Amino acid sequence: MREMFPDKIITAPGRAEAPSAPGSSFWSSFFDKAPTLPAGPELGEVRLSEGKLYIQGRPAPSLGAGTYKETFEIPHAPDYVLKLFNSKLLRPEENLPEKRREVENTRLLEKAGATPRLTEAGALALDRRTMGYLVVERVRGRNLAVMTPAKREAVQKLFSTLLRAGLELGDTKSISKVRQNIMVGETRSGGFKAYVVDADLERSSKSRAELAKFYADLLESLGGGR
């Protein structure tokens, strides 16, 4: 699947032209009837200095790191975060494909309204390496490390949405990872609900009944009942 945004390489210091907005072509203006969403922030200059990330000259605190990427605050745009594919576990030729895979998965989840909205994707030249990056809306909320009845209800609605869309979450053998990859909170355009914040999934080959059982079992594993 062709990703919405082409890769662009931004060197530090420096700025790149913003990508064309989705649905901005002549024909798409005829046929795309979806409501226009607010544009995301212009990222601007991104640089590393003594191991610390700066965006437009301001420190960008880390919000957490996983196997392949790290998430940072965007100081001038607090409703958004930068996901930077900066893992040294990835060989250079694997970095951008890993980013593109997440873009594809994010687009599937976006159609179901199950993930924070992606506004920009590309590549940065930092620390003598090319690193893929995403800019997505920030979830103002909490993950499932502490499960509550209210969170369970929100996650149950999320799983029902994924079931209807025929999408199957990955990395579910590790419940601790599932707890980190789902957040309950509010985003700029999506409102308050449960969101998948690490887009590891696939179009399920299970029957609807099998997929329903998969999500019912996963919900029970997360706990949080009254």
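Details of the structure are given in the entry above.
Residues numbered from 1 in each chain as written. Predicted model: local features only at pLDDT ≥ 70, side-chain atom pairs only at ≥ 80, totals over all residues. Heavy atoms only, no water.

Novice: Where do I start with the overall build of the protein chain in this structure?
Specialist: A count of helices and strands for the protein chain gives five helices and 14 strands. The buried share of the protein chain, taken over its 226 residues, is 44%. Residue pairs in contact within the protein chain that sit at least 24 positions apart in sequence constitute 63% of those at least 6 positions apart. (Helix = DSSP H or I, 4+ residues; strand = E, 2+ residues; numbered from the N terminus. Buried < 20%, exposed > 50% of the residue type's maximum accessible area, 1.4 Å probe, protein only. Contact = heavy atoms within 4.5 Å.)

Novice: Explain the side chain of T187 to me, please; I cannot follow it from the model alone.
Specialist: Relative to the assigned elements, T187 resides in strand β12 (residues 182-187). At a separation of 3.0 Å, a polar atom in the side chain of T187 contacts the side chain of Y195. If sequence neighbours within four positions are ignored, T187 has contacts with P116, E137, R138, V139 and Y195. (Polar contact = N/O pair within 3.5 Å; in protein donor to acceptor, adjacent residues only side chain to side chain.)

Novice: Teacher, can you tell me more about the sheet that holds strand β13 (residues 191-196) here?
Specialist: Sheet strands pair by backbone hydrogen bonding; their relative direction is either parallel or antiparallel. Strand order across the open sheet formed by three strands is β10-β12-β13, with antiparallel pairing between neighbours. Edge positions in the open sheet fall to β10 (140-143) and β13, since each of these has one partner strand only. Averaged over all pairs of adjacent strands, the angle between strand axes in this sheet comes to 20°, irrespective of strand direction. By the bridge criterion, four bridges tie β10 to β12 in an arrangement that is antiparallel. Of the residues in β12, the one forming a bridge with R140 is E186. (Pairing = 2+ DSSP bridges. Axes fitted to C-alpha atoms, helices over the stretch in contact; angles between N-to-C directions.)

Novice: Would you explain the nonpolar core in this entry?
Specialist: Soluble, globular proteins show a tendency: their nonpolar side chains are buried together. One finds V155, F159, L162, L169, I182 and Y215 to be the most contacted residues of the largest nonpolar core, which totals 26 residues. Apart from the residues lying within four places of it in its own chain, the contact partners of L169 are F159, L162, I182, V196, D200, L201, F214, Y215 and L218. Counting 16 residues, the second largest nonpolar core, distinct from the first, contains L53, L124, M131 and Y133. (Core = buried A, V, L, I, M, F, W, Y, C linked by side-chain atoms within 4.5 Å.)

Novice: Teacher, can you tell me more about the packing of aromatic side chains here?
Specialist: Pairs of aromatic rings are described using the distance from one ring centre to the other and the angle between the two planes. Using the criterion set out here, one finds two aromatic pairs in the structure. When the centroid spacing of 4.9 Å and the interplanar angle of 75° are considered together, the rings of F214 and Y215 count as edge-to-face. For the pair formed by F214 and Y215, the shared burial category is buried. Connected via pairs of aromatic rings, a cluster forms that spans F159, F214 and Y215. Between R47 and the ring centre of Y54, over which it is positioned, the NZ or CZ distance is 4.6 Å. Across the ring face of F214, the terminal group of K206 is positioned such that the distance to the ring centre comes to 5.1 Å. (Phe/Tyr/Trp six-rings, centres within 6.5 Å; stacked < 30°, edge-to-face > 60°. Lys NZ or Arg CZ within 6 Å of the ring centre and 35° of its normal.)

Novice: Would you explain the environment of K157 in this entry?
Specialist: The residue K157 is located in helix α3 (residues 149-165) in this model. Residue K157 is classed as exposed on the basis of its relative accessible area, which comes to 54%. Each C-alpha atom, one on K157 and one on A194, is 7.8 Å from the other, the two residues being 37 residues apart in sequence.

Novice: I'm lost on the packing of α3 against helix α5 (residues 208-222) in this one. Help?
Specialist: Angle between the axes and distance between the axes are the two parameters that describe a pair of packed helices. The N-to-C vectors of α3 and α5 enclose an angle of 160°; their axes lie 10 Å apart at closest approach. Relative to α5, the element α3 lies roughly antiparallel. Here α3 and α5 pass one another in a crossing that is right-handed. Within the contact between the two elements, α3 uses R152, V155, Q156, F159, L162, L163 and R164 and α5 uses R208, L211, A212, Y215, L218, L219, E220 and L222. (Parallel < 35°, antiparallel > 145°, perpendicular 65-115°, else oblique. Left-handed = near helix turned anticlockwise from the far one by under 90°.)

Novice: Please explain unusual backbone geometry as it appears in this structure.
Specialist: The bulk of non-glycine residues show a negative phi, and the bulk of peptide bonds are trans. With a phi angle near 50°, Q56 is a residue other than glycine that sits in the positive phi range. Tracing the backbone shows Q56 in the loop between β3 (52-55) and β4 (58-59). In this structure, D127 is a non-glycine residue whose phi angle is positive, near 55°. Among the structural elements, D127 can be located in the loop between β8 (118-126) and β9 (129-137).

Novice: Would you mind showing me how to read α5 here?
Specialist: Residues lying three or four places apart along an α-helix face the same way, a consequence of the helix completing one turn every 3.6 residues. Its 15 residues place the ends of α5 21 Å apart at the C-alpha level, agreeing with the 21 Å of an ideal helix rising 1.5 Å per residue. Packing partners of the buried residues in α5 comprise α3, β11 (167-169) and α4 (175-181). Phi turns positive, to about 75°, at G223, one or two residues after α5. (Expected span 1.5 Å × (residues − 1).)

Shape descriptors only; they carry no functional weight alone.
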